[in-house]
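For reference, the chains in residue letters:
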Amino acid sequence: MKAATPVLKDVVLVGAGHSHVTVLRMFGMKPIPGVRLTLISREVHTPYSGMLPGLIAGHYGFDDAHIDTGPLARFAGARLYQDEAVDLDLAGRRVICRRRPPVPYDLLSLNIGSTPNTADVPGASEHAIPVKPIDGFLRRFEALQARVLARKGRTAVALVGAGAGGVELLLAVEHRLRQAVARAGFDAGGLSFVLVSGVADILPGFPAAFRARFHAVLAARGIAVITGAPVTRVEAGRLMLAGYGPLAADEILWTTQAAPARWLAKAGLPLDARGFLRVDQTLRVVGRDEVFAAGDTIAFSGRELPKSGVYAVRAGPALAENIRRTLTGRSLRRFRPQREALYLVSTGERHAVGSRNGVVVEGDWVWRWKDWIDRRFMRKFNELPEMTPAPAAALPPLADREALKEISAIAMRCGGCGAKVGATVLSRALASIEPAARADVVVGLDAPDDAALVDVGGEQLSLQTVDYFRAIVDDPYTLGKIAANHSLGDVYAMGGEPQTALAIATVPYGLESKVEADLSAMMAGANEVLREAGCALVGGHTSEGAELALGFAVNGLVPATAALRKGGLEPADGLILTKPLGTGTLLAADMRGKAKARWVMAAIAHMIASNAKAAQILRQHGVHAATDVTGFGLIGHLIEMVRASDVDATLAIDRLPLLEGARETLARGIFSSLQPQNVRLRRAIRELATVAEHPLYPLLFDPQTAGGLLAAVPLAEAEPCVAALRAAGYAAAAIIGFVAERSDALEPVTVDLSGEQVAQALAGLRHTRPPAQALEEIHTEKSVL
């Protein structure tokens, strides 16, 4: 992405805990020019611990209880890396990650939470379900619930750890499971629950009146309580308790005293006796001027803080301020945590008990109070203020109204294939070009296809293609993977195998160390993809420019008799799409901070998924023609195929596979900057006025980056082909239409709004009529449009 000023300092935030989300928001409100933030987080939707019990109980939805780090990072101008830190290179100032190259930093902050201490109890790691880290607990709980329902509700649940978090969670679990079992038609009386405490009472450190309220609540809900019985061993189906004996339990939840992340022990940072990071009163790691830390992972100087989200939330503003002061060379301020925190603990139902300074209150109104506090906190991060962009330079008076309109759109140009030149502009620009005539050029500009074909002698032809685009993501490593995968798509679409690649890279102006780090990460990602494809990176060219960009000139080989062309469509072919659509609208929404992080990460996962296996499967099912769906959108690439083949095609719009979130961003009117140029191709669609009313109509023109293959196979092979594609990992692969003889109609494309025509075509295979005859009959019937 384009940087307004060169990057001078890199601040890396490891973990999306409660303190770091505050840092991001505060830097978004008041950025420092030249400072680049990077967030490394295992999960891109970070759960708010205060709402987790309510989420488990069923009072909140997923998005209610999670902070979406995608729009938040965009708001802060931060890069978002979905990964996990596993070590630190303190000498080289690099974060070592699990799945990506090291991330360099000038200033580092750790807010990575804690884990339950299962290591000290034999069998706990194998047989208990840890509640922390809470970003993965929701999946673990859903698996637990599925097992309970599989047992028809006959389940004994034990929770080990009777602090506030454990008590609140068990009450939420009890509430949710009894409801789920009853809804499934089973007897909820088969459920039993027990709270196990290794100390003399539940809720140690809370007032006696507070503990008494929860004893009463637990008893009223039929939850047994065992205190003063430390767990000595966990076995499959039971707990061994000191002074108590074995306790049968089908499901064991573990919320005992927190332990630090294990990798900290080898990172070389100062730790206390229990392995927590020692920080001073400014939240700086002791003896390390460039490292800060906050949250459950720290041992605070001068006072032990509870491992509670309350203190992590309070530390956020102080952490942000001291990071800012370090960057600007000012003295740091002390973090002064409150002596007495307000605790509002829910009971599973919409009821809660509160305590502060010895005062205890209870009631439904306390739950509403807690709900109001929690939702207000979440709104700060999920309902971000609109930031006003810097005013653009005034244009000279010689620009007319249409020119002004066109120029104003340039500022919001998308990257990737959203930055591609439109098909109509490209056609006009190349219309007068007359390349040198060569007998060995089999396919060139005279009959353009996905790639050029050159006869180099022998049985194989040389495939030559090039792609290049601006960054669509802020992560250079991921950009490298997407760009390389996209560049290979043309080779696979024409039935070939990649051979060599030359890179074309542009890196922003900046400090040499920053340029080197970004270029290294970008090429590492690209080379991973190329190596997996058996494509040798043999050289390239780099230059400096305004923003990061990458492309490849790829050479491949294809047997002369097996080369696929866009003009190979035949009547009675089924049209198959191997990947879902929607990257254009989703990436445009991401640029504006309007896309959920999980939508963007899912889109990226599809963009880095290779088309190689799909091409192989298509060949096994007699593919006649193929192309990769990229910048011109589905309709643009289909039109190229039908015109080259002199046929008609029918698309079933409701069969089009969509990326998660694409329907929502389309409904909000968020489109790629290339969309208007692609929409010019609408004249190829019959009954356009009716089709344009469909909510998915804009998807037909959505430009894709590293999109799937659009292929034609004999209709009789379409369903087996899709089954094979899905088995190979292309879960969204679908039959989206069919090919018919060219009709007299001016428009070659019919959009089937009901899906009946495609369904009839597939059903017609069971009749004795030849597929082409059956399709012709369907195609010439009165249009359902």
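The preceding data block contains the structure.
Here we summarise the structure given alongside this text. (Residues numbered from 1 in each chain as written. Predicted model: local features only at pLDDT ≥ 70, side-chain atom pairs only at ≥ 80, totals over all residues. Heavy atoms only, no water.)

Turning to the overall build of the chain, a few remarks are in order. Helices and strands together make up the secondary structure of the chain, namely 23 helices and 37 strands. A globule of 785 residues ought to have a C-alpha radius of gyration of about 28 Å, and the chain, at 30 Å, matches this closely. C-alpha atoms of the chain, sized along the principal axes, occupy 90 × 65 × 55 Å. When contacts within the chain are restricted to residue pairs at least 6 apart in sequence, those whose partners lie at least 24 apart make up 75%. (Helix = DSSP H or I, 4+ residues; strand = E, 2+ residues; numbered from the N terminus. Rg over C-alpha atoms; globule rule 2.2 N^0.38 Å. Contact = heavy atoms within 4.5 Å.)

Turning to the packing of helix 16 (residues 612-620) against helix 21 (residues 715-727), a few remarks are in order. With their axes 10 Å apart at the nearest point, helix 16 and helix 21 run at an angle of 155° to one another. When the axis of helix 16 is compared with that of helix 21, the two are roughly antiparallel. At the point where helix 16 passes helix 21, the crossing takes the right-handed sense. Residues A614, I617 and L618 of helix 16 form the contact with helix 21, whose participating residues are C721, A724 and L725. Looking at the contact of helix 16 with helix 21 residue by residue, the classes come out as 6 nonpolar, no polar and no charged. (Axes fitted to C-alpha atoms, helices over the stretch in contact; angles between N-to-C directions. Parallel < 35°, antiparallel > 145°, perpendicular 65-115°, else oblique. Left-handed = near helix turned anticlockwise from the far one by under 90°. Nonpolar A, V, L, I, M, F, W, Y, C, P; charged D, E, K, R; others polar.)

Let us now look at the sheet that holds strand 7 (residues 94-97). Two orientations exist for strands paired in a sheet by backbone hydrogen bonds: parallel and antiparallel. Here 3 strands make up an open sheet; going across it, the order is 6-7-8 and the pairing antiparallel. Looking at which strands have only one partner, the edges of the open sheet turn out to be strand 6 (85-89) and strand 8 (103-104). (Pairing = 2+ DSSP bridges.)

Going through the model one piece at a time under the given rule, you end up with 38 salt bridges. A salt bridge links R325 to E321; the nearest nitrogen and oxygen atoms lie 2.7 Å apart. With a gap of 4 residues between them, R325 and E321 both fall in helix 8 (residues 309-327), about one helical turn apart. Where salt bridges share partners, they join D10, R36, R79, D106, K514 and D518 into one cluster. (Salt bridge = Lys/Arg side-chain N within 4 Å of Asp/Glu carboxyl O.)

Attention shifts here to the packing of aromatic side chains. If you walk through the whole model with that rule in mind, you get 10 aromatic pairs. Judged by centre distance (6.3 Å) and plane angle (15°), the ring pair of Y60 and W367 falls under stacked. You can see Y60 sitting in the loop between helix 2 (52-57) and strand 4 (66-68) and its partner W367 sitting in helix 9 (residues 364-382), a full 307 residues away along the chain. For Y60, a relative accessible area of 8% corresponds to the buried category. A relative accessible area of 7% places W367 in the buried class. Between F206 and F210, the ring centres sit 4.7 Å apart and the planes meet at 15°, which makes this aromatic pair stacked. Among the aromatic side chains, those forming a connected cluster through ring pairs are F206, F210, F214 and Y343. Residue placement shows R100 over the ring face of Y81; its charged tip is 3.9 Å from the ring centre. A cation over a ring is seen here: R324 above F27, with NZ or CZ 4.5 Å from the ring centre. (Phe/Tyr/Trp six-rings, centres within 6.5 Å; stacked < 30°, edge-to-face > 60°. Buried < 20%, exposed > 50% of the residue type's maximum accessible area, 1.4 Å probe, protein only. Lys NZ or Arg CZ within 6 Å of the ring centre and 35° of its normal.)

With a phi angle near 60°, K152 is a residue other than glycine that sits in the positive phi range. When you line up the elements, K152 lands in the loop between helix 5 (137-150) and strand 12 (155-160). In the Ramachandran plot, L283 falls in the positive-phi region, its phi being about 75° despite a non-glycine side chain. Following the sequence through the fold, L283 ends up in the loop between strand 20 (277-279) and strand 21 (291-293).

With that settled, the discussion passes to the environment of A692. Within the secondary structure layout, A692 lies in the loop between helix 20 (688-691) and strand 35 (709-714). Accessibility expressed as a relative area gives 34% for A692, which makes it partly exposed.

This next bit is on the nonpolar core. Core analysis: the biggest nonpolar cluster contains 182 residues, and V95, L110 and F552 have the highest contact counts within it. For this core, the element with the most residues is helix 6 (residues 164-183), which contributes 9 residues. When neighbours within four sequence positions are excluded, V95 is seen to be in contact with V12, V14, I40, A85, D87, L88, P102, V103, Y105 and L108. A625, L696, L710 and A734 belong to the second-largest nonpolar core, a separate cluster that totals 34 residues. (Core = buried A, V, L, I, M, F, W, Y, C linked by side-chain atoms within 4.5 Å.)

Let us now look at a positive patch on the surface. Where like charges cluster on the molecular surface, the positive patch consists of R643, R680, R682 and R683. Mapped onto the elements of the fold, R682 is located in the loop between helix 19 (675-679) and helix 20. (Patch = residues over 30% accessible without salt bridge, like charges linked within 9 Å, V, L, I, M, F, W, Y side chains within 5 Å. Areas by Shrake-Rupley, 256 points an atom, 1.4 Å probe, with all protein chains shown as cover. Lys, Arg positive; Asp, Glu negative; His and termini not counted. Charge placed at Lys NZ, Arg CZ, Asp CG, Glu CD.)

Our focus in this paragraph is the sheet that holds strand 18 (residues 251-254). The strand order across the open sheet built from 5 strands is 11-18-12-13-14, with neighbouring strands paired in parallel fashion. Two strands close off the open sheet at either side, each with one partner strand: strand 11 (129-130) and strand 14 (223-226). Summarising the sheet, strand 12 and strand 18 pair through 4 bridges and their orientation is parallel. Residue pairing across strands places V160 opposite W254, the latter belonging to strand 18.

Honestly, it's all geometry; don't read function into it.
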